[in-house]
Amino acid sequence: RSIALHPPPPPPPAVVSLPALVWESAAASEAKTLGREGAGLLFFAYGQLSAIQKYLREATDAAASFRALNPKLQIAIVSNNGTVDARVFSHHITPRPDLLFAGRPFANGADPMPRQWLTRLYYMAHSPYALTWALDSGVLACAGDGSKGAVQTFLDEAERTQFWGF
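Residues numbered from 1 in each chain as written. Predicted model: local features only at pLDDT ≥ 70, side-chain atom pairs only at ≥ 80, totals over all residues. Heavy atoms only, no water.

Looking at the protein chain as a whole, the pLDDT averages 79, with 69% of positions reaching at least 70. The spread of mean pLDDT over the elements of the protein chain runs between helix α1 (residues 26-34), the lowest at 55, and strand β1 (residues 39-45), the highest at 94. (pLDDT = per-residue confidence, 0-100. Helix = DSSP H or I, 4+ residues; strand = E, 2+ residues; numbered from the N terminus.)

Quick look at the structure:
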């Protein structure tokens, strides 16, 4: 006759006290990993030399309208123009020529300008800021009661709350 021997059951696990979990938003975690800091606006004026001056002028006017109401605001521009107005832009990001991806005109033919969306997405992902508000060159800040400092306050609050937990 054979007797099957069973090993004794393992001892119960030790009780360990863990520190409270602190959840960090995915956006905050990624920004920290990439070494990004602060919050700011990001404008774009790049592409073919025949069109760049128009978009650079628009982006400079847009940034100046935000700067007038938010003097300490960080504002970057992605532009393959040699220079930008340093009184308006705090960062000038010069795109690499091999990362100015070719675009195509809209299918309906109403706008013959090639749109380089992949370039825009690439540089949005490589913004110098932990929180980036990317804007088109053809916008202006709303002036009026309550507008002074509003964008800076919005971005400061987004940072303070770690992007509202997102």
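Now, onward.
For helix α2 (residues 49-69), with 21 residues, the first-to-last C-alpha span of 31 Å sits near the 30 Å given by 1.5 Å per residue. Where the residues of α2 are buried, they touch β1, β2 (74-79) and α4 (150-160). (Expected span 1.5 Å × (residues − 1). Contact = heavy atoms within 4.5 Å.)

Let's shift gears to the packing of aromatic side chains. Within this structure, the stated rule accounts for four aromatic pairs. Centre to centre, the rings of Phe44 and Tyr46 are 6.1 Å apart; their planes meet at 85°, and the pair counts as edge-to-face. By the burial criterion, Phe44 is buried, and Tyr46 matches it. A ring pair is formed by Trp133 and Phe154, whose centres lie 5.5 Å apart and whose planes are at 55°; its orientation type is tilted. Here the residue Trp133 occupies a position in strand β4 (residues 131-134), and Phe154 occupies one in helix α4, the gap between them amounting to 21 residues. Using a relative accessible area of 33% as the deciding quantity, one classes Trp133 as partly exposed. With a relative accessible area of 42%, Phe154 lands in the partly exposed category. (Phe/Tyr/Trp six-rings, centres within 6.5 Å; stacked < 30°, edge-to-face > 60°. Buried < 20%, exposed > 50% of the residue type's maximum accessible area, 1.4 Å probe, protein only.)

With 24 residues, the main nonpolar core has Leu41, Phe43, Phe66, Ile75 and Phe89 as its most contacted residues. If you tally residues by element for this core, the top one is α2, at eight residues. Look past the residues within four positions of Phe66 in its chain and what remains in contact with it is Leu41, Phe43, Leu73, Ile75, Leu135, Val139, Leu140, Ala141 and Val151. Leu42, Tyr46, Ile93 and Tyr123 belong to the second largest nonpolar core, which has nine residues in total. (Core = buried A, V, L, I, M, F, W, Y, C linked by side-chain atoms within 4.5 Å.)

Counting through the fold element by element, Asn70 comes out in the loop between α2 and β2. Given a relative accessible area of 2%, Asn70 falls into the buried group. In this view, Asn70 contacts Gly149, Ala150, Val151 and Gln152; residues no more than four positions away in its chain are not counted.

Time to look at the side chain of Ser127. In this fold, Ser127 is placed in the loop between α3 (117-125) and β4. Look at Ser127 and you get buried, because its relative accessible area is 2%. A distance of 3.1 Å separates a polar side-chain atom of Ser127 from the backbone nitrogen of Tyr129. (Polar contact = N/O pair within 3.5 Å; in protein donor to acceptor, adjacent residues only side chain to side chain.)

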